[in-house]
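Analysis of the macromolecular model
Listed here are the chains, written in short residue letters.
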Amino acid sequence: MISENVTIASPNSAIAIEDNVFWMGNNEFYAYGGAVQKLPCTVRDYVFSDFNQNQSEKVFAASNTSFSEVWWFYPSASSTENNKYVVYNYQEGIWYIGTLDRTAWLDRGISSLPVGTGTDNYLFNHEVGSKADGVAMTSFIESGDLGVTDGN
């Protein structure tokens, strides 16, 4: 036994990257790199307050190694399919969230770009900077209060 009182959201919510395993639990995020540890998560309350526990078997983890990221796609409280994501950048220790319908993911390797499957059964190349029609994607960023001493 390597740990007690640890949960996992689904069989596919864990992923191995380099010498670590990351996974999404029922109310926490975890990593194993010789010992199990809870990941400090700044978006934890946001994710788990809008999570459909009845559809947790659909949660899956994905990697985007080009940017040192672990992604988890999950169904929001109002959805029966994965429609949201949470990302952990394991090099910088930062989190971000968003809305995106994905049911499967393959990191670069076979293809030069990550490929995701949408709920509409289409394959999507990621990290190209534009939609399939060549039009730039709209973006949005929001930040909260930040003290000068909080940064580097």
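Residues numbered from 1 in each chain as written. Predicted model: local features only at pLDDT ≥ 70, side-chain atom pairs only at ≥ 80, totals over all residues. Heavy atoms only, no water.

Some thoughts on the packing of aromatic side chains
Both the distance between ring centres and the angle between the ring planes are used here to describe each pair of aromatic rings. Inspection of the entire model under this criterion finds 16 aromatic pairs. Taken together, a centroid distance of 6.0 Å and an interplanar angle of 70° make the contact between Phe48 and Phe51 edge-to-face. Considered together, Phe48 and Phe51 belong to a single accessibility category, that of buried residues. Seen in terms of ring centroids, Phe73 and Trp105 are 5.7 Å apart; in terms of plane orientation they differ by 35°. Their pairing is tilted. Taken together, the residues Phe73 in strand 6 (residues 69-74) and Trp105 in strand 9 (residues 104-106) connect sequence positions 32 residues apart. Per residue, the accessibility class of Phe73 equals that of Trp105, and both read buried. One aromatic cluster is present, formed by Phe22, Phe29, Phe48, Phe51, Trp72, Tyr74, Tyr88, Tyr90 and Trp95 through successive ring pairs. (Phe/Tyr/Trp six-rings, centres within 6.5 Å; stacked < 30°, edge-to-face > 60°. Buried < 20%, exposed > 50% of the residue type's maximum accessible area, 1.4 Å probe, protein only. Helix = DSSP H or I, 4+ residues; strand = E, 2+ residues; numbered from the N terminus.)

A word on the environment of Arg102
Structurally, the position occupied by Arg102 is in the loop between strand 8 (94-99) and strand 9. Sequence spacing of Arg102 and Thr117 is 15 residues, and the spatial spacing of their C-alpha atoms is 5.4 Å. Here Arg102 is in contact with Phe60, Phe73, Asn82, Gly116, Thr117, Gly118, Phe124 and His126, once residues within four sequence places are set aside. (Contact = heavy atoms within 4.5 Å.)

Points about the pairing of strand 7 (residues 84-89)
By the criterion of burial, strand 7 is predominantly enclosed, with six of the six residues buried. Residues of strand 7 alternate between two faces, with Lys84, Val86 and Tyr88 on one and Tyr85, Val87 and Asn89 on the opposite face, all of them buried. Across six bridges, strand 6 lies against strand 7 in antiparallel orientation. Along strand 7, the bridge assignment pairs Phe73 with Tyr85. Note that strand 7 and strand 8 share six bridges and pair antiparallel. By the bridge assignment, Asn89 is partnered in strand 8 with Ile94. Joining the antiparallel neighbours strand 7 and strand 8 is a turn of four residues, in which Gly93 adopts a positive phi near 70°. (Pairing = 2+ DSSP bridges.)

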